[in-house]
Amino acid sequence: MRDDRDDPFGDIFDEIERMMSEMTGAAGEPGVGDAGFGDETHVAVYEEGETLRLVADLPGVDKGAIDLQCDGSTLTIAAETAGRRFDERVRLPVRVDEHSASASFNNGVLEVTFDALEPSADIDVE
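For clarity, every value in this text was computed on a predicted model and none was experimentally measured.

### Description of the overall build of the protein
Consideration 1: When helices and strands are counted, the protein shows 1 helix and 7 strands.
Consideration 2: Across the 126 residues of the protein, 25% fall into the buried class.
Consideration 3: Accessible area of the protein: about 9,000 Å², with a carbon and sulfur share of 48%.

Take a look at the structure:
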């Protein structure tokens, strides 16, 4: 705990804490902090040989509310809960076969795997 009597920067720290509370919704303002994936969701992509694995934390989401779409280079994750809409586009580090996708969802953690495609072939010019 700070002793503001000895802290010449106390007012500055109080103002920073107030602004951070407003930005994160910690001040109790309705609607603040419900804009989507934001700070409570973590998305990670792992290249594992010929497989690409994506892991996303979706707290409070029901399995039936998740919509996944992939075009081979971008995965779109959409979900809606009471008062919250998740909409995330993840650019994949390699092209994948979107028809090879498999997904599982357990305890708020979404895991999607794809078969990675071979890189484009080099063409020799003669």
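### Considerations on the sheet that holds strand E1 (residues 43-48)
Consideration 1: Sheet architecture is open: 4 strands sit in the order E1-E2-E7-E6, paired in antiparallel fashion. Taken across any chain shown, the strands that pair with only one partner, and hence form the sheet edges, are E1 and strand E6 (96-106). With strand direction ignored, the average angle separating the axes of adjacent strands in the sheet is 20 degrees.
Consideration 2: Sheet topology note: the strand E2 (residues 51-57)/strand E7 (residues 109-116) ladder contains 7 bridges and is antiparallel. Along E7, the bridge assignment pairs Arg 53 with Thr 113.

### Thoughts on the environment of Val 43
Consideration 1: Here Val 43 lies in strand E1.
Consideration 2: Judged by relative accessible area, Val 43 falls into the partly exposed class, the value being 27%.
Consideration 3: When the C-alpha positions of Val 43 and Glu 88 are compared, they lie 9.3 Å apart, and in sequence the two are 45 residues distant.
Consideration 4: Apart from the residues lying within four places of it in its own chain, the contact partners of Val 43 are Leu 54, Val 55, Ala 56 and Val 90.

### Some points on the pattern of salt bridges
Consideration 1: Scanning the entire structure with this criterion turns up 4 salt bridges.
Consideration 2: We note a salt bridge from Arg 89 to Asp 87, for which the minimum N-O separation is 3.3 Å.
Consideration 3: Taking relative accessible area as the criterion, Arg 89 reaches 54% and is therefore assigned exposed.
Consideration 4: What makes Asp 87 partly exposed here is its relative accessible area of 36%.
Consideration 5: Each of the salt bridges in this network shares a partner with another, and the network as a whole consists of Glu 48, Arg 53 and Glu 111.

### Concerning the side chain of Thr 76
Consideration 1: Here Thr 76 shows up in strand E4 (residues 74-81).
Consideration 2: Beyond its immediate sequence surroundings of up to four residues, Thr 76 is in contact with Asp 67, Leu 68, Gln 69, Asp 87, Glu 88 and Arg 89.

### A short note on the nonpolar core
Consideration 1: Counting 17 residues, the largest nonpolar core has Leu 54, Leu 58, Val 61, Leu 75, Ile 77, Leu 92 and Leu 110 as the members making the most contacts within it.
Consideration 2: Among the secondary structure elements, those contributing two or more residues to this core are E2, E4, strand E5 (84-91), E6 and E7.
Consideration 3: Here Leu 75 is in contact with Leu 54, Leu 68, Gln 69, Cys 70, Glu 88, Arg 89, Val 90, Leu 92, Val 112 and Phe 114, once residues within four sequence places are set aside.

Analysis parameters
- Residues numbered from 1 in each chain as written.
- Predicted model: local features only at pLDDT ≥ 70, side-chain atom pairs only at ≥ 80, totals over all residues.
- Heavy atoms only, no water.
- Helix = DSSP H or I, 4+ residues; strand = E, 2+ residues; numbered from the N terminus.
- Buried < 20%, exposed > 50% of the residue type's maximum accessible area, 1.4 Å probe, protein only.
- Areas by Shrake-Rupley, 256 points an atom, 1.4 Å probe, with all protein chains shown as cover.
- Pairing = 2+ DSSP bridges.
- Axes fitted to C-alpha atoms, helices over the stretch in contact; angles between N-to-C directions.
- Contact = heavy atoms within 4.5 Å.
- Salt bridge = Lys/Arg side-chain N within 4 Å of Asp/Glu carboxyl O.
- Core = buried A, V, L, I, M, F, W, Y, C linked by side-chain atoms within 4.5 Å.

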